[in-house]
Amino acid sequence: MTITSPHLGNSSAWTDARLLFALEEVVETELNRHLKVAKDWMPHEYVPWSDGRNFPGLFEDGEAWGKEQSKVTDIGRVALVVNLLTEDNLPSYHHEIASLFGRDGAWGTWVHRWTAEEGRHGIVMRDYLLASRAVDPDELERFRMSHMSEGFESDNRHSMLHSVAYVAFQELATRISHRNTGHQSGDPVCDRMLARIATDENLHMVFYRNLLKAAFELAPDLTMQAVRDVVVDFRMPGHGIPGFERAAAQMAIGEVYNLRIHHDDVLQPVLRFLKIMEIDGLGPEGLKAQEELGVYMGGLDSEAAKFDERLAARKARMAARAAG
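Now for a quick tour of the structure. None of these values were measured; they are calculated from a predicted model.

## Considering helix α2 (residues 74-88)
Over its 15 residues, α2 runs 21 Å from end to end, which matches the ideal 21 Å to within 8%, given 1.5 Å per residue. Among the 15 residues in α2, 13 count as buried, and that is most of the element.

Structure follows, in structure tokens:
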């Protein structure tokens, strides 16, 4: 099957302002669809409040935090901190998309609705972590202050199309990270909470993915270049978190998020939905971006295969030690 995406004027005619205007009707349609399928939920209903007790400070009976107080696994603890600190930067994310997409019309309604829904994630995760004593609260707060004090600027803030392409993949990446963290957490309560958050992230991904598809119909060359750039240079929004590289390595080994997951569960589903390699009617720059994207995905798959081999060997060594 071949998809033909007609050009509506040449690439140079498409400014961010014109694309925003041209996509307004699609945004309204997707917003209405989202509001019909999204279900409200109460963060406090997912928190094990009865497990909570005072920490030292104003309360004389406060009990200092200890790692043994929680059933959460080591890898679950690392991933929960990374995921929460990522959610904590919501003010910066809101500022960026509101600046790019605007605060009026369907775009503005979506920006505020998205922000309100995302706000629940940080609330419920922090309440869970404190009530269940899954992490050191003092360290968590120091990390939050350090991370947010640095501020956040997206790699794609220069372009509306790049930003739409990025969030189409990033929302799915966040969903996968939350879901796998729940599976690896060792706590059914945590797993249920993160499954609820992951449902929101999936709906957000669908909104942006469908918007990206519409952008291909309007400006295929520019959209193909944006997708190429985003995929090749993709970074998770939490990359500025203190100790992120070490935490990311632990999450990779713990099978929360790694190259194989990134290739198979994040990039490929969106690219398949868009039928990215079947789009024709592209100009020279669009064709070049399409070819480069295909080459990159092939190389990423090879790198993921090497990682799979190293991970399997590591598991075998650990099993041998346990048996010995």
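## Re the pattern of salt bridges
Applying the stated criterion across every chain, the model contains 20 salt bridges. Between D264 and R260 there is a salt bridge, with the nearest N and O atoms lying 3.0 Å from each other. Separated by four residues within a single helix, D264 and R260 lie in helix α10 (residues 259-274), roughly one turn from each other. Among the residues examined, R260 registers a relative accessible area of 18% and is labelled buried. Salt bridges here are not isolated pairs; linked through shared partners, they connect D40, R113, E117 and R120.

## Remarks on the packing of aromatic side chains
Counted according to the given criterion, the structure contains seven aromatic pairs. Between the aromatic rings of W41 and Y46, the centroid separation amounts to 5.4 Å while the plane-to-plane angle is 80 degrees, which identifies the pairing as edge-to-face. Looking at W41, the relative accessible area reads 5%, which means it is buried. By relative accessible area, Y46 is classed as partly exposed at 26%. Ring geometry for W110 against F207: centres 3.7 Å apart, planes inclined by 5 degrees, an arrangement best described as stacked. Remark: F207 occurs in helix α7 (residues 188-218) and W110 occurs in helix α4 (residues 105-131); sequence separation between them is 97 residues.

## Considering unusual backbone geometry
Positioned with a positive phi, E255 is a non-glycine residue whose angle comes to about 60 degrees. By secondary structure assignment, the location of E255 is in the loop between α9 (244-253) and α10. In this structure, K275 is a non-glycine residue whose phi angle is positive, near 50 degrees. Accessibility expressed as a relative area gives 31% for K275, which makes it partly exposed.

Conventions adopted
- Residues numbered from 1 in each chain as written.
- Predicted model: local features only at pLDDT ≥ 70, side-chain atom pairs only at ≥ 80, totals over all residues.
- Heavy atoms only, no water.
- Helix = DSSP H or I, 4+ residues; strand = E, 2+ residues; numbered from the N terminus.
- Expected span 1.5 Å × (residues − 1).
- Buried < 20%, exposed > 50% of the residue type's maximum accessible area, 1.4 Å probe, protein only.
- Salt bridge = Lys/Arg side-chain N within 4 Å of Asp/Glu carboxyl O.
- Phe/Tyr/Trp six-rings, centres within 6.5 Å; stacked < 30°, edge-to-face > 60°.

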